[in-house]
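# Observations on the three-dimensional arrangement
Chain residues, written in single-letter form:
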There are 2 protein chains.
Amino acid sequence: MADVPLRELNYLTPLEVAKSKHMDQLASCGATGLLDPIAPGVAPGSDVANLAILGYDPHKVYTGRGVLEAVGAGIKLERGDIAFRCDFATVDDDFTIVDERAGRIREGAADLANSLNDLQLKNIPDIEVMFRQTLGFKGVLVLRGEGISPNVSTNIPIINSRIYPVRPMDDSIEAKRTAMALNEFIRRSREILESHRVNQNRKSKNEPPANALIPWGGGKTLRLQPFRRKYRLRAACIAAAPLIKGICKLVDMTVVDIPGATGEIDTDVMAKARDVSTLLQGHDLLYVHVGGPDEASHDGDIPGKISIIEKIDSMVNAILEDIDPEETCITLLADHTTSIKLRKHTGDPTPIAIACADMVQDEVEQFSERAVRKGGLGRIRGRRIMPLLLDLMDQNGDL
Amino acid sequence: MADVPLRELNYLTPLEVAKSKHMDQLASCGATGLLDPIAPGVAPGSDVANLAILGYDPHKVYTGRGVLEAVGAGIKLERGDIAFRCDFATVDDDFTIVDERAGRIREGAADLANSLNDLQLKNIPDIEVMFRQTLGFKGVLVLRGEGISPNVSTNIPIINSRIYPVRPMDDSIEAKRTAMALNEFIRRSREILESHRVNQNRKSKNEPPANALIPWGGGKTLRLQPFRRKYRLRAACIAAAPLIKGICKLVDMTVVDIPGATGEIDTDVMAKARDVSTLLQGHDLLYVHVGGPDEASHDGDIPGKISIIEKIDSMVNAILEDIDPEETCITLLADHTTSIKLRKHTGDPTPIAIACADMVQDEVEQFSERAVRKGGLGRIRGRRIMPLLLDLMDQNGDL
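Note that this is a predicted model, so its numbers are computed, not measured.

Each helix and strand counted, chain A has 14 helices and 16 strands in total. Here the C-alpha radius of gyration of chain A, 22 Å, is about what a compact globule of 399 residues would show, namely 21 Å. In terms of overall dimensions, chain A has C-alpha extents of about 65 × 45 × 35 Å along its principal axes. Residues counted as buried form 60% of the 399 residues belonging to chain A. In chain A, the 49 positive side-chain charges and the 57 negative ones have mean positions that sit 5 Å from each other.

The interface is formed by 22 residues belonging to chain A together with 18 residues belonging to chain B. When chain A packs against chain B, close to 1,700 Å² is buried across both sides, 47% of that on carbon and sulfur atoms. A per-residue breakdown of the area chain A buries against chain B is headed by A:Pro40, A:Arg373 and A:Arg379, which together make up 31% of the total. Taken together, chain A and chain B are joined by 5 salt bridges. A salt bridge links B:Asp358 to A:Lys341; the shortest N-O distance between them is 2.5 Å. There are 8 residue pairs in polar contact (both at pLDDT 80 or more) connecting chain A and chain B. Along the lines of polarity and charge, the residues of the side of chain A that touches chain B split into 9 nonpolar, 3 polar and 10 charged.

All names here are of chain A. For the coordinates displayed, the defined rule picks out 59 salt bridges over all chains. Notably, a salt bridge pairs Arg-144 with Asp-81, separated by 2.7 Å at the nearest N-O pair. You can see Arg-144 sitting in strand β5 (residues 138-144) and its partner Asp-81 sitting in the loop between α5 (65-72) and β2 (82-91), a full 63 residues away along the chain.

Inspection of every chain in the model, using the stated rule, returns 2 disulfides over all chains. Residue A:Cys329 pairs covalently with A:Cys356 via a disulfide, S to S 2.1 Å. In this structure, the disulfide formed by A:Cys329 and A:Cys356 twists by about 130° around the S-S bond and is classed as right-handed. Placement of A:Cys329 in the loop between α13 (302-322) and β12 (330-333) and of A:Cys356 in the loop between β15 (350-355) and β16 (378-381) is noted, with a sequence separation of 27 residues between them. An identical accessibility class is assigned to A:Cys329 and A:Cys356; each is buried. Free cysteine: A:Cys248, not disulfide-bonded; nearest cysteine sulfur from A:Cys237 at 3.3 Å. Of all cysteine sulfurs in the structure, the one in B:Cys356 sits closest to B:Cys29, which takes part in no disulfide; the separation is 11 Å.

Moving on: helix α10 (residues 242-250) of chain A. Residue and element names in this part refer to chain A. α10 sits mainly inside the fold: 8 of its 9 residues count as buried. Among all positions of α10, only Pro-242, Leu-243, Ile-244, Lys-245, Gly-246, Ile-247, Cys-248 and Leu-250 are buried. Those residues of α10 that are buried lie in contact with α3 (46-53), α5, β4 (128-135), β9 (235-238), β10 (254-256) and β11 (285-288). Remark: Asp-252 follows α10 within two positions and exhibits a positive phi of approximately 65°.

Residues and elements named next belong to chain B. The strand order across the open sheet built from 3 strands is β10-β9-β11, with neighbouring strands paired in parallel fashion. Of all the strands in the sheet, the pair left with one neighbour each is β10 (254-256) and β11 (285-288). Recorded for the sheet is a direction-independent mean angle of 20° between the axes of neighbouring strands. Bridge count for strand β9 (residues 235-238) against β11 is 4 bridges, and the pairing is parallel. What sits directly across from Ala-236, in β11, is Leu-286.

A separate point is the pairing of strand β4 (residues 128-133) of chain B. Residues and elements named next belong to chain B. Of the two faces of β4, the one holding Val-129, Phe-131 and Gln-133 is buried and the one holding Glu-128, Met-130 and Arg-132 is not buried anywhere. As defined by bridge partners, β4 adjoins strand β5 (residues 139-144) across 6 bridges and the pair is classed as antiparallel. Considered in β5, the bridge of Glu-128 is made with Arg-144. The antiparallel hairpin formed by β4 and β5 contains 5 residues in its connecting segment, where Gly-136 sits at a positive phi of about 60°.

Turning to a nonpolar patch on the surface, a few remarks are in order. Residue and element names in this part refer to chain A. A cluster of nonpolar side chains, Ile-156, Ile-158 and Ile-159, forms an exposed patch at the surface whose accessible area comes to about 270 Å². Secondary-structure assignment places Ile-158 in the loop between β6 (152-153) and β7 (167-168). Of the residues examined, Ile-158 reaches a relative accessible area of 48% and is grouped as partly exposed.

What counts, and at which threshold
Residues numbered from 1 in each chain as written. Chains lettered and ligands numbered in written order. Predicted model: local features only at pLDDT ≥ 70, side-chain atom pairs only at ≥ 80, totals over all residues. Heavy atoms only, no water. Helix = DSSP H or I, 4+ residues; strand = E, 2+ residues; numbered from the N terminus. Rg over C-alpha atoms; globule rule 2.2 N^0.38 Å. Buried < 20%, exposed > 50% of the residue type's maximum accessible area, 1.4 Å probe, protein only. Lys, Arg positive; Asp, Glu negative; His and termini not counted. Charge placed at Lys NZ, Arg CZ, Asp CG, Glu CD. Contact = heavy atoms within 4.5 Å. Buried area = accessible area lost by both parts, 1.4 Å probe. Salt bridge = Lys/Arg side-chain N within 4 Å of Asp/Glu carboxyl O. Polar contact = N/O pair within 3.5 Å; in protein donor to acceptor, adjacent residues only side chain to side chain. Nonpolar A, V, L, I, M, F, W, Y, C, P; charged D, E, K, R; others polar. Disulfide = S-S within 2.5 Å. Pairing = 2+ DSSP bridges. Axes fitted to C-alpha atoms, helices over the stretch in contact; angles between N-to-C directions. Patch = residues over 30% accessible without salt bridge, like charges linked within 9 Å, V, L, I, M, F, W, Y side chains within 5 Å. Areas by Shrake-Rupley, 256 points an atom, 1.4 Å probe, with all protein chains shown as cover.

Okay, structure coming up:
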């Protein structure tokens, strides 16, 4: 949701331009400030940003994005597995990326994925590969077997970049075997996808074919301290993105599937709001994540970003109407800044607002990157949010 | 440059009183905040403050000030050498400091230093001593030889304090030998200096004689990761103080000698400004340091401090006229607070302003200790500056 001033918006940010009176109302009720998800100047991935916001130190626990995505997608990982985020993309004959999201393919993506179900490696038959499509162009690739390692060079899917062969990043036999396995998977999935009827159809409709899979963000399985043990709180998560669901599953939160939640700008935010009051029965903390503004920013879609922010504002309104403000603390934040100009994450701090009964309020009456700079919270880091909330909830009599 | 409110200035700070509209202009164009060079409440030496601001963790890399000064003075150190900052001072017959800067001696200081060139220790002849005068009253003492250690108690040169014999700080033979060597150096240099014609002259003119050398801040050689490797930036440094030049040489920046740059309040700031646009060709980052305000503060010289701040303002103006604001990020900061009342560094935060194209600006329109407290950067630490700038420069398209 957070961004920087845009020339196209007369040097305002999308959040400043969007009609968002309910978020402003929330900011008015509490204290606001600047949030550095990791630290000032660090442009974090969504993985480490959300881990930090939930109070887990990424420097200590993070092994790679893929395994969080895999858990979020409901894949039952075994000890020793390594998992990669793995995206459908459109590449040309030179293996240069023409569209790093294959036109945000949604329909037919599951069919394409199914065509890879029986793929067995020929050069390294003892490594099992499992590809699972998760949400739109997003997927997960799991490698299973003895003698594998995530320490290989993968390609980050960025438009116009060339996909290079995966290389081992150390001298181990495990890294060499894994690089060979990934290269065969990339090559053979490319062949299968190119000729698939879903892609023939897309080409005939002038849509970019999902003719390649790009694995990245590899990591090995990890364990995280359960949220309930760490904080003595029963927590639940409302999110569509497999990554967020994965993090929340790993810390043993209740993770619900929301019909209509796509993780993109057409997501059904009201469906998310509807589950809030239900889940608040039986849980002490809800983590509600909307991925749409980030996706719009990666697409450079200014109207789309403003529109999803306005939808989030309606969601905030619905939530505010459903809860008892004397009994509930609400924190509103962006988990990182995604610059719509650069179409990538930046290290700019994001706005945060915390509203709890009986807390010291500030005079900020707008929820925006600029307004919260005068806020009473000052400038804080992601990992301080949970301690702050625990303290405020205790004062609120909720604990 | 930073200070605290002074009774003599009607409870304003020198920076608030000085005419500094160009620094104010810079603050107006960007975001401002409070900078803790190390951490809130820590009064840092210039050495650790500048290391931290360049992104090097003093807790990990710092071995002592002397070696940074020695490198800055162009002394070629060998592995195993230990180096001390070593100041000319005026002492009385009791070895009590009457003037810890020997009246800021400049003329004749090199002659005094030369008189010590042939000094060889009698009690520990296998330790070689080399004294080099650097800038005015400042110098460096290097010890070379087997079996030496920087772990000895030295005297910080402060007015009215007694110079005590140097003692070993551990039971090692190395520390004992080093203490003996330093004590002989202090005693014998005292004898040579006292009778030197330069000092006879000074006494006849009622100027405090530079009749003693006080070694302090001892440390051993160290290696720092080159700036270019750490940040992928070609950097250059414009400074007079040997300490700053030493730090910048150690991280392998381009370090230029500026004629007329004295490190004191009579320094030629415009000479510094002139080199900026030249050096920006071929470098990604310039570090421009002006030592004068710190020196004026140590002297308790309020008009001098205001005057050098106004000179810095002219320098800022000249730099602003020379650069393209769409292509260049400028950061203005004080590397620590020096209280003119106490004549020493304090742990007060200093003002910082960052101006980059497209960044979220704040409403602060004055560069001062007080005004920036409402700034959009909040309160940040020295070690976050480089990550912040890297992120902003990336957004600016400079990287």
